[in-house]
Amino acid sequence: MANKHDITLTVNGKDYSLTVEPRRTLADALRDDCGLTGTHLGCEHGVCGACTVLVDDKPVRSCLMFAVQAEGRAVRTVEGLAKGDVLHPLQKAFWENHGLQCGFCTPGFLMLAAGALEADPDLSEEEIRDILSSNLCRCTGYQNIIKSVCLAANEMRACPPSADR
Amino acid sequence: MSWIGRSLPRLEDPSLLMGRGRYVADLARGAASVKFVRSPVAAGRILSIDVPDGELVFTAADLAGVKPICPILHRPDYIAVEQPILARDRVMFCGQALAVVVAEDQSLAEDLAEQVFADIDAEDAIVDMDTALAEGATAVHAHAPGNVLVEGVLRSPGLDAAFTDAAEIVSLDLRSGRQSAMPLEGRGGVAQYDRISGRVTLYASVQMPHMLRTGLADVLQMPEADLRVVAPDVGGGFGQKMSLFPEYVVLVWLARKLERDVAWIEDRRENFLASSHSRDQSFRVRGAFAKDGTLLGIDADLKSNVGAFSCYPVTCGVEPLMALAELPGPYKVAEYGVRSRGVTTNTGMMAPYRGVSRPMLTLTMERMMDVAAKRLGIDPIEIRRRNLIDTFPHRSPTGLVYDEGSYKEAMDRAVEAIDLTGFRARQREARAAGRYLGIGFSVFSERTGYGTPAYAARGMNIVPGYEIVSCAMDPSGFVEARIGSSPHGQGLKTALAQLIADELGVEPGKVKVISGDTDATPYGWGTFASRSMVIAGGACKLAAGKVATRLRSVAAVMMQADEDQVVLEDGLARVTGTNQSLPIPEVARASYHQSHRFGQAGPGLIENATYDPGGTFSNACHACIVEVDIETGGVKIERFVVAEDAGVLINPMIVDGQIHGGVAQGIANALFEELVYDETGNLLTVSLADYLPPTIAEVPKIEIEHLVTLSDATITKAKGVGEGGAIGAPAAIINATVDALSPFGVEIFQIPATPQHIRKLIREAERNAHG
C-alpha cells in the first residue's frame, strides 16, 4: 500500500493538497488530512450515515467513497453549512426544536437534509421521512429530527438560499 | 421569572451543529494508532502468539505488573473474577483482546494487527445459560463451579399460603435477547503523555471519568494524581460507557511505556464484539391471584447471562440484583419469593444498559397482568387498578420505599389519551376486514436518583451515589459550576444552568457548567441510573443557594439593607419594598475586590455542596396501538402514548427528548435488536446491517402527557427520567401485539418479537386450531 497519490480536494470551496493512499476513504481524508472533524464515523460500513457529506451537491456516505474519487468534485461538509456564525436554517431548526442530543449523528442528518432540500425544496413530510430513514440516530427517537427538518424546509422555501452558496 | 420549567434551547448545541464538537476521535491527530488483536474463538488455551519482529506489538507478557480488573461485591453469594488486561493463558470470549499493536496511522495499525497470529487450542464454549447451569457443565472460571457468580434469594414467610389460597396461578417463562446499548459513537480513548511532568491525560468517551481514573490507577498501580481523565463531547453512552474496560488500561500503559500520545478509536465491529452487552435474561415467574384479581404473591426464578467477566465498578450483580429487588415494580404484593442468578458464560461481558433489568421486569409484570386478566375475566385496566400502589410512602416486599407517585392516574391518562373505548370499535371493524390491530399497556416505576445507601445495600465495595458541586460566581458575575457528574449527550449542562440561574437571579447563559475533567471537577460518579438531574441537580441547587446567600449578604452591606430583604432576580440584587438595586456583577466584583467591607461574608463567592439522597421513583404508563401483518409477522406501531410523571420538569423539551429516545430503544428491544452467538460462541451480529437498530421508518410519533407529583424525596422536585422510555415500551408493544393476535390465541413471552418468531407462533396456533 505504499503507492500514494497527490490529489486536491475541494471542500467547502477551499482547496486541500493531499497525498493519500488509494484506499484512504473520503471520510478519513476529510477528518485526518483536512482536519475537518465535523464529519463523523459511526460504522464505517455505510449503514449509519453519520459521515454523510455532499459531493457535487448530492448526499454521499464518505466512508464508502475513496478520497481519490472525490478529486475534481465539490465536497461540502457540516463546517461549510453556516455562513460565519449565522446558522443555516437546518442548524437553526435543529437547535430550536431539540433535534439533537449527543450530536454525533447530527452532521450526517444535516448534510443529508441539506442535499435533499436543495434538490427538491417541495418535499412532503412523507418524502422527508423516507429520505431521513437512511440515517441512524440513537438518542432522539427521530421525533425532533423530522420536526426540525420539516420546519427548516418551510423556512428554506420562504427564503431560498442565495445562488452563491 | 423562573428559568425552571422552560424549554430553553440547549447551550451545548451551536458548537455541535457547526461541526465544532470535540469527540474523542477528533482529538487523535498526531497520536500513534492503537489496534487490538482479538480472539477469534470463544474459549481455549493460548499456546503461543507470534508477533512480527521490530514492530510495536505487546501481549500479556509485556504487561507484567499491571493488575487484572476485579470488581468486588461484599456478599457471600458473590464470586469475584479477574479480567486480565490482555488475555493470558486462556481466552474467555470471542473478541477478547489478545495483543495490541501501535503504528503511525490507523491503516498501518490494521495491517500490522493482521500479522499477529495467535495459536489457540479451542475448547467447547459455554454460550447459553441452560448449558452453563446443566449438571456437570464445564466451569467457565475454574474457581466458580456451577457457573453462578452471584445469587440472591429472598422468601417471605407467607408465600406458600398465598399460592395455596390463590384462585388462579399464572406461570410464565420469559426471555429477553442479548442487546447492545450501541451508542452511535463507539468507545475510544486518546492518551497523551506529558514529558515534563510524566502525567498522562486520557481523553475517553466515558460516562464516569472519576471512577475510570480510580480504576486505572488501581490496576496500573500508580498515583491517581499522575493521571487526568477527560470525557469530552460524548456521542451517547446509555450505560455502555460506564465501565472500566481493559482497552483504557492499555492506552495509559502504552503512553507511559512509549512516552508518546496514543489513540484507540473503536470500530463498530469491535463495539459489538468487545464492549459490553446487556439483557439476555430468562425469567420463570408464577403469580398467585385471588378471584377478584388481587395479586397475592410472586414466586420468581430469574437468570441473567452476565458473560465472561464482571464489569467494574458495578459488577455482574447489576442486572440480577436489580431484578431481585424490583420485580414487583408498581404493584402491591404482600408475599414475594425470588431467586436471581448471574450466570457466567463464554460471551461478552454484561454491563448496564438504559433500564437495567427493568425492561424485562416490566415485561414480566405486564404480561402477567394481561394473562391473569384474561383468565379471571377481568378487564386488563381494571386488574391493574386493583393492584397498583396508591398509598405513599409504599414499602415493597424487598424493603424499597416508594415516594409519592401517580401510578393509577398515569394509567387513566394514557387510557384516555389513546381512546381505549374508541379503539375497540375500530379494532372490531378492522378484524372484519382482515386487519389485526391491537392495543397494549404497560405501567411501571423507574427508581431514580438514589444515593449511597442503595449501593451500599447491594454490597458494593465502591459505593457510588453522592454528587459534589463546586459553584463560584467570578468577579464579572459569571457562574462556574463544577460537577462530578458527566453528561453523555442528554443536555444536562443546560438543565443545570437553568436551576442555578434561578438560585442566583442570573440568565442561564451566564452559567458555565464544567464537567468531565478530573483536573477541573470535584470527585463524582458521572451519569447513569437516571441520577444526574436529581443528584447533581440537587447539589447544584444547594451550592448555588449558598453562593446566593453570600451574594445577598454582600449586597446588603453595599445597600445598607437587611440581608433578608435582598432578593436576586433578573441580574439584580434588589432590596424588597424599595427601588434600590445593584447589578449582580457589581456585587460580585465587590465581594472579591472590596472584601474588607463585608466582615462575615468574607472574600469571594465560592461554595461546595454535597447531595446524597435516598432516591425517588418516576412512574409512567405506556400505551400503544399496533397492526400485525399476519402474512409476514411484521409489527407496525400506529400510535404510542406515554403518560409520564417525572415531578417538576426543569427543561420540558429535554425531558421529552429523553422519553423519545428511550421509547425508540424500547421499540428496538421489543421488535428488532438482538446480538446472536452461534453454538461455538462466535458473534454473528457484528454490523449495523445485522443488528437492525430502528430507523425513522420504524419509530412512530411519540405522544407525551405529563403529570407532576411533588415529592420530598428530591430537593429540586425533579425525578429522573433517563431510562423510563426504554423500560416501559417493550411490554406495551408486546401486549399490543398479543392483543392484535388474540383471534389466534397467540401469546408472546420473548423479545425481540421478530417477524420470524411471530410467524412461528401464528403457524403453531393455526396448526393447533386445525389439529
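Participant: Would you mind going over the packing of helix α17 (residues 652-672) of chain B against helix α19 (residues 724-740) of chain B with me for this structure?
Facilitator: The relative placement of two packed helices comes down to the angle between their axes together with the axis-to-axis distance. Residue and element names in this part refer to chain B. For the pair α17 and α19, the least separation of the axes is 7 Å and the interaxial angle reads 45 degrees. It follows that α17 is oblique to α19 by the angle criterion. Our pair here, α17 against α19, has a crossing hand that is right-handed. Contact residues: Ile 659, Gly 662, Val 663, Gly 666, Ile 667, Asn 669, Ala 670 and Leu 671 in α17; Gly 725, Ala 726, Ala 729, Pro 730, Ile 733 and Ile 734 in α19. Its residues placed into classes, the contact of α17 with α19 shows 10 nonpolar, four polar and no charged.

Participant: Would you take a moment to explain the environment of Ala 31 of chain B for this structure?
Facilitator: All names here are of chain B. Of note, Ala 31 is situated in the loop between α1 (13-17) and β1 (32-38). For Ala 31, a relative accessible area of 11% corresponds to the buried category. Put simply, Ala 31 and Gly 434 are 403 residues apart on the chain and 62 Å apart in space, counted from C-alpha to C-alpha. The residues touching Ala 31, leaving out its near neighbours within four places in the chain, are Glu 104, Val 190, Arg 260, Asp 261, Val 262 and Ala 263.

Participant: In this structure, what is going on with the state of the cysteines? I would like to understand it.
Facilitator: One way to say it: the disulfide is the covalent bond shared by the sulfur atoms of two cysteines. Residue and element names in this part refer to chain B. Within this structure, the stated rule accounts for zero disulfides over all chains. With no disulfide of its own, Cys 311 lies closest to Cys 316 among cysteine sulfurs, the gap being 7.3 Å. With no disulfide of its own, Cys 621 lies 10 Å from the sulfur of Cys 624, the closest cysteine sulfur. Among the residues examined, Cys 621 registers a relative accessible area of 0% and is labelled buried.

Participant: Looking at this structure, I do not really get the confidence of the model for chain B. What am I missing?
Facilitator: Close reading of the predicted structure is inappropriate where its pLDDT is low. Residues with a pLDDT of 70 or more make up 100% of chain B, whose mean pLDDT is 96. Under the prediction, the complex receives an ipTM of 0.96, its pTM being 0.97.

Participant: Before we go on, may I ask you to explain the sheet that holds strand β1 (residues 5-11) of chain A in this structure?
Facilitator: One key point about sheets: their strands pair by backbone hydrogen bonds, in either a parallel or an antiparallel sense. All names here are of chain A. Strand order in this open sheet of five strands is β2-β1-β5-β3-β4, and the pairing throughout is mixed. On the outer flanks of this sheet lie β2 (14-20) and β4 (58-61), each paired with one strand and no other. Along the sheet, successive strands turn relative to each other by an average axial angle of 40 degrees, direction set aside. Here two bridges tie β1 to strand β5 (residues 74-76), and the two strands are oriented parallel to one another. If you follow Val 11 over to β5, its bridge partner there is Val 75. Sitting on the sheet, helix α3 (residues 106-119) is in contact with β3 (52-55), β4 and β5, with an inclination near 35 degrees to β3.

Participant: What exactly am I supposed to notice about the sheet that holds strand β21 (residues 511-514) of chain B here?
Facilitator: Residues and elements named next belong to chain B. In space, the four strands of this open sheet follow the order β21-β20-β19-β25, with mixed pairing throughout. Lying at the two open borders of the sheet, with one neighbouring strand each, are β21 and β25 (606-611). The sheet shows a mean angle of 20 degrees between the axes of neighbouring strands, direction not considered. Alignment of strand β19 (residues 467-473) against strand β20 (residues 479-483), held across five bridges, turns out to be antiparallel. Looking across to β20, one finds that Ser 470 is bridged to Arg 482. Packing of helix α15 (residues 532-559) onto the sheet brings it into contact with β19, β20 and β25, and relative to β25 it is tilted by some 145 degrees.

Participant: Explain unusual backbone geometry here, please?
Facilitator: All names here are of chain B. The peptide bond linking Phe 392 to Pro 393 adopts the cis configuration, its omega dihedral lying at -10 degrees. For Pro 393, the location among the structural elements is in the loop between α10 (380-387) and β16 (394-395). Cis geometry marks the peptide bond from Ile 751 to Pro 752, where omega comes out at -5 degrees. Counting through the fold element by element, Pro 752 comes out in the loop between β29 (750-751) and α20 (755-770). In this structure, Phe 238 is a non-glycine residue whose phi angle is positive, near 60 degrees. Among the secondary structure elements, Phe 238 is positioned in the loop between β11 (227-230) and α6 (246-258). Located in the positive-phi region is Ser 357, a residue other than glycine, with phi close to 70 degrees. Its place among the elements puts Ser 357 in the loop between β15 (335-344) and α9 (358-376).

Participant: I keep staring at the environment of Leu 11 of chain B and nothing clicks. Help me out?
Facilitator: Residues and elements named next belong to chain B. Within the secondary structure, Leu 11 sits in the segment before α1. Separated by 541 residues in the primary sequence, Leu 11 and Arg 552 place their C-alpha atoms 27 Å from one another. The contact partners of Leu 11, leaving out residues within four places of it in the chain, are Thr 494, Ala 497, Pro 508, Gly 509 and Val 511.

Participant: What should I look at first to understand the packing of helix α2 (residues 89-96) of chain A against helix α5 (residues 143-158) of chain A in this one?
Facilitator: Residue and element names in this part refer to chain A. The interhelical angle for the contact between α2 and α5, taken along N-to-C directions, is 140 degrees, at an axis separation of 8 Å. Viewed along their axes, α2 and α5 adopt a mutual orientation that is oblique. Where α2 crosses over α5, the two elements pack in a sense that is right-handed. Of the residues in α5, those touching α2 at Pro 89, Leu 90, Lys 92, Ala 93 and Phe 94 are Ile 145, Ser 148, Val 149, Ala 152, Glu 155 and Met 156. Per-class residue counts for the contact of α2 with α5 are eight nonpolar, one polar and two charged.

Calculation criteria
All residue numbers refer to position in the chain's written sequence, counted from 1. Whichever chain is written first is A, and whichever ligand is written first is 1; the rest continue in order. Local features are withheld for residues below a pLDDT of 70 in this predicted model, meaning they are given only at 70 or higher, and side-chain atom pairs are given and counted only at 80 or more; totals for whole chains, interfaces and linings count all residues. Side-chain calculation: all heavy atoms of the structure are included, whereas hydrogens and water are not. To get an axis, a line is fitted to the C-alpha atoms, and for a helix only the part in contact is used. The angle between two axes follows their N-to-C directions and goes from 0 to 180 degrees. Note on conventions: DSSP H or I runs of at least 4 residues are helices, E runs of at least 2 residues are strands, and numbering of each starts at the N terminus. Oblique is the label for any angle not covered by the other classes, which are roughly parallel (under 35 degrees), roughly antiparallel (over 145) and roughly perpendicular (65 to 115). Handedness of a crossing follows from how the near helix is turned relative to the far one, being left-handed for an anticlockwise turn of less than a right angle and right-handed for a clockwise one. In this analysis, two residues are considered to be in contact whenever any of their non-hydrogen atoms come within 4.5 Å of each other. We call Asp, Glu, Lys and Arg charged. Ala, Val, Leu, Ile, Met, Phe, Trp, Tyr, Cys and Pro are nonpolar, and the rest, Gly among them, are polar. Only protein chains enter the accessibility calculation, which uses a 1.4 Å probe; a residue is then buried when its area is under 20% of its type maximum, exposed when over 50%, and partly exposed in between. Here, a disulfide means two cysteine sulfur atoms that sit within 2.5 Å of each other. pLDDT measures the predictor's confidence residue by residue and takes values from 0 up to 100. Two strands make a pair as long as DSSP finds a minimum of two bridges between them.

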